[in-house]
Amino acid sequence: MATQGQVITCKAAVAWEPNKPLIIEDVQVAPPQAGEVRIQILFTTLCHTDAYTWSGKDPEGLFPCILGHEAAGIVESVGEGVTEVKPGDHVIPCYQAECGECKFCKSGKTNLCGKVRSATGVGVMMSDRQSRFSVNGKPIYHFMGTSTFSQYTVVHDVSVAKIDPIAPLDKVCLLGCGVPTGLGAVWNTAKVEAGSIVAVFGLGTVGLAVAEGAKAAGASRIIGIDIDSNKFERAKNFGVTEFINPKEHENPIQQVIVDLTDGGVDYSFECIGNVSVMRAALECCHKGWGTSVIVGVAASGQEISTRPFQLVTGRVWKGTAFGGFKSRSQVPWLVNKYLNKEIKVDEYITHNLTLADINNAFDLMHEGGCLRCVLAMHARDNM
Ligand SMILES: NC(=O)c1ccc[n+]([C@@H]2O[C@H](COP(=O)([O-])OP(=O)(O)OC[C@H]3O[C@@H](n4cnc5c(N)ncnc54)[C@H](O)[C@@H]3O)[C@@H](O)[C@H]2O)c1
Ligand SMILES: N[C@@H](CCC(=O)N[C@@H](CSCO)C(=O)NCC(=O)O)C(=O)O
Ligand SMILES: [Zn+2]
Ligand SMILES: [Zn+2]
């Protein structure tokens, strides 16, 4: 391929400073080194974790950087020693790596992988602790090991899931984060059983995917909780059976839910990133067995609290990253489930824009109607 081994200059959205509009820049993307893969990103979406880091509240947030972690593309070139993917393969970059060899991967107890996490947390590549991105010679940090708001990105080989090439990349890009996170929180982390009563706090993409997963698991009641009542109608299509707006109740929301469910729910999921709601989500669980899963990402300095008695009396507090899915082995499986019409993806896409419109796409995220906005990375107006 003509670009192999060459620096590629392409368009990328650079976050120069927290909360300042992203700037579309001509970015130089260095060739992949040993164990690295350069990917042409065709479609990316925006997740609330991008907005969180951009806001400056992420303790791991470094600037300038290229954000983005929910995307799909095609391998452009690979570095020395890369055997699992080759140029032309269709892939989804994965912020949660899977090396298969580290203590985490071998434990069988977690989807977290330790191989490259020390580099991805500080915006560099593992081999030389340097960035592959620069603008006029100034290095730009990577983000979450993915940096998908660029037409080309470089990732570690352990962070690339090879997928069926018939899958539409403008749809399956969503399988890079939010939808798997919600489904996996139910299937892998909580392991919800048929007949369970489930409460979902926050009816954005992640919360709706929790509802979808709970419905598939055979939950008998799926209670959706959101401060925006406009979210309720749409949520019915994802399996939510009842709705509560905390603003319409005088009692604490956990009390309202305990009263409605003969003592509490079997499983609850916090899909917002609000530590007060995390407490409510735990405390609305049934004594003796109720399990609450933290999915939302809370800002730096925020801490959770509850009376230890809540745990002494049998409630369980858990958290999940990427829904507990092992990325490289299970993202292709999720893509196949989508192709077989066993999971929704299209239904979470409310907007389609281009890279040039990325700041508008961030604005849209704060509007109630928006779930996921897919950006076409190589549309003519990006040039
Ligand atoms: N753990 C992970 O691996 C992982 C993966 C993806 C996203 N996340 C996190 O999950 C969270 C949800 O992501 P999303 O994309 O669905 O976000 P979103 O903003 O689309 O959805 C959040 C919903 O919560 C509602 N809400 C806000 N405050 C509320 C309150 N006090 N009570 C009830 N409802 C309230 C909002 O109206 C909105 O509908 C974010 O914090 C994101 O960073 C975590
Ligand atoms: N840097 C953040 C970490 C936030 C966080 O928890 N990220 C999730 C993924 S959110 C995707 O939208 C995650 O996978 N965490 C595990 C990991 O990062 O290894 C902070 O410090 O707050
Ligand atoms: Zn995300
Ligand atoms: Zn590993």
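Residues numbered from 1 in each chain as written. Chains lettered and ligands numbered in written order. Predicted model: local features only at pLDDT ≥ 70, side-chain atom pairs only at ≥ 80, totals over all residues. Heavy atoms only, no water.

Colleague: What is the right way to read the coordination of the zinc ion (ligand 3) from this model?
Modeller: Working reference: metal with six octahedral donors, ideal angles 90 or 180 degrees; metal with four tetrahedral donors, ideal angle 109.5 degrees. Bound to the zinc ion (ligand 3) are the protein donor atoms Cys47 (SG), His69 (NE2) and Cys177 (SG), situated 2.1 to 2.3 Å from the metal. Considering all four donor atoms around the zinc ion (ligand 3), the spread of angles at the metal, 100 to 128 degrees, places the coordination shape in the tetrahedral class. (Donors = N, O, S within 2.8 Å, 3.2 Å for Na, K, Ca; no water. Tetrahedral: all angles 85-135°; square planar, octahedral: opposite > 155°, others 65-115°.)

Colleague: Help me out: how do you make sense of the UniProt feature "domain: Alcohol dehydrogenase-like C-terminal" (unreviewed entry) in the protein in this one?
Modeller: As recorded in UniProt, the feature "domain: Alcohol dehydrogenase-like C-terminal" (unreviewed entry) lies at residues 206-331. The span residues 206-331 is 35% helix and 16% strand, and its two end C-alpha atoms sit 16 Å from each other. (UniProt positions renumbered as here; feature names shortened; annotations may be inferred. Helix = DSSP H or I, 4+ residues; strand = E, 2+ residues; numbered from the N terminus.)

Colleague: What should I look at first to understand the site of ligand 1 in this one?
Modeller: Around ligand 1 lies a shell of 27 residues, among which Thr49, Asp226, Val295, Thr320 and Phe322 are the nearest. Thr205 is positioned such that a nitrogen or oxygen atom in its backbone is 3.2 Å from an oxygen atom of ligand 1. Lys231 has a polar side-chain atom sitting 3.0 Å from an oxygen atom of ligand 1. Within the complex, the protein chains bury 86% of what would otherwise be the 870 Å² of accessible surface of ligand 1. For the shell around ligand 1, the secondary-structure elements that each account for two or more residues are helix H1 (48-54) and helix H6 (205-216). The residue inventory of the shell around ligand 1, partitioned by class, reads 14 nonpolar, 10 polar and three charged. The two domains that each donate at least three residues to the shell around ligand 1 are domain 1 (8-176 + 345-376) and domain 2 (183-320). (Near = heavy atom within 4 Å. Polar contact = N/O pair within 3.5 Å; in protein donor to acceptor, adjacent residues only side chain to side chain. Areas by Shrake-Rupley, 256 points an atom, 1.4 Å probe, with all protein chains shown as cover. Nonpolar A, V, L, I, M, F, W, Y, C, P; charged D, E, K, R; others polar. Domains from an automatic or database assignment.)

Colleague: Please explain the sheet that holds strand E1 (residues 8-14) as it appears in this structure.
Modeller: Remark on secondary structure: sheet strands pair via backbone hydrogen bonds, oriented parallel or antiparallel. Across the sheet, four strands lie side by side as E1-E2-E6-E7; this open sheet has antiparallel pairing. Two strands bound the open sheet, and with one partner strand each, they are E1 and strand E7 (138-140). Sheet twist, expressed as the mean angle between neighbouring strand axes with direction ignored, is 45 degrees. For strand E2 (residues 23-29) and strand E6 (residues 133-135), the ladder comprises two bridges, and the chain directions are antiparallel. When the sheet's bridge partners are listed, Val29 is paired in E6 with Phe133. (Pairing = 2+ DSSP bridges. Axes fitted to C-alpha atoms, helices over the stretch in contact; angles between N-to-C directions.)

Colleague: Honestly, the coordination of the zinc ion (ligand 4) in this entry has me stumped. Any pointers?
Modeller: In this structure, Cys99 (SG), Cys102 (SG), Cys105 (SG) and Cys113 (SG) serve as the protein donors to the zinc ion (ligand 4), at separations of 2.3 to 2.4 Å. Considered as a linear motif, the donors of the zinc ion (ligand 4) on their single chain read C-x2-C-x2-C-x7-C. What makes Cys99 buried here is its relative accessible area of 10%. (Buried < 20%, exposed > 50% of the residue type's maximum accessible area, 1.4 Å probe, protein only.)

Colleague: Sorry if this is basic, but what is going on with the site of ligand 2 here?
Modeller: Within the structure, ligand 2 sits among 14 residues, and Thr49, Tyr52, Asp58, Glu60 and Arg117 are positioned closest to it. Between Glu60 and ligand 2, the recorded distance is 2.6 Å, taken from a side-chain N or O atom to a nitrogen atom. Measuring from an oxygen atom of ligand 2, one finds a side-chain N or O atom of Arg117 at 2.8 Å. Of the residues assigned to the shell around ligand 2, the class counts are eight nonpolar, three polar and three charged.

Colleague: How do you make sense of the environment of Lys57 when you look at a structure like this?
Modeller: Structurally, Lys57 can be placed in the loop between H1 and strand E4 (70-78). A relative accessible area of 47% means that Lys57 is categorised as partly exposed. In this structure, Lys57 is in contact with Tyr52, Ala299 and Ser300, ignoring residues within four places of it in sequence. (Contact = heavy atoms within 4.5 Å.)

Colleague: What should I look at first to understand the UniProt feature "domain: Alcohol dehydrogenase-like N-terminal" (unreviewed entry) in the protein in this one?
Modeller: Within this structure's numbering, the places UniProt gives as "domain: Alcohol dehydrogenase-like N-terminal" (unreviewed entry) are residues 34-163. A distance of 22 Å separates the end C-alpha atoms of residues 34-163, which is 12% helix and 28% strand.

Colleague: Explanation requested: the pattern of salt bridges in the structure shown.
Modeller: Two side chains carrying opposite charge are able to pair once their charged atoms lie near each other. This structure, assessed with the given rule, holds 15 salt bridges. Asp89 is the salt-bridge partner of Lys162, the closest N and O atoms lying 3.6 Å from each other. Residue Lys162 is found in strand E9 (residues 160-162), and its partner Asp89 is found in the loop between E4 and strand E5 (90-93); the two are separated by 73 residues along the sequence. Given the relative accessible area of 41%, Lys162 is considered partly exposed. For Asp89, a relative accessible area of 7% gives the class buried. Where Lys236 meets Glu233, a salt bridge forms, and the shortest distance between an N and an O atom there is 3.1 Å. Residue Lys236 and its partner Glu233 are located together in helix H7 (residues 231-236), separated by three residues, close to a single helical turn. When its relative accessible area of 43% is taken as the criterion, Lys236 is described as partly exposed. (Salt bridge = Lys/Arg side-chain N within 4 Å of Asp/Glu carboxyl O.)

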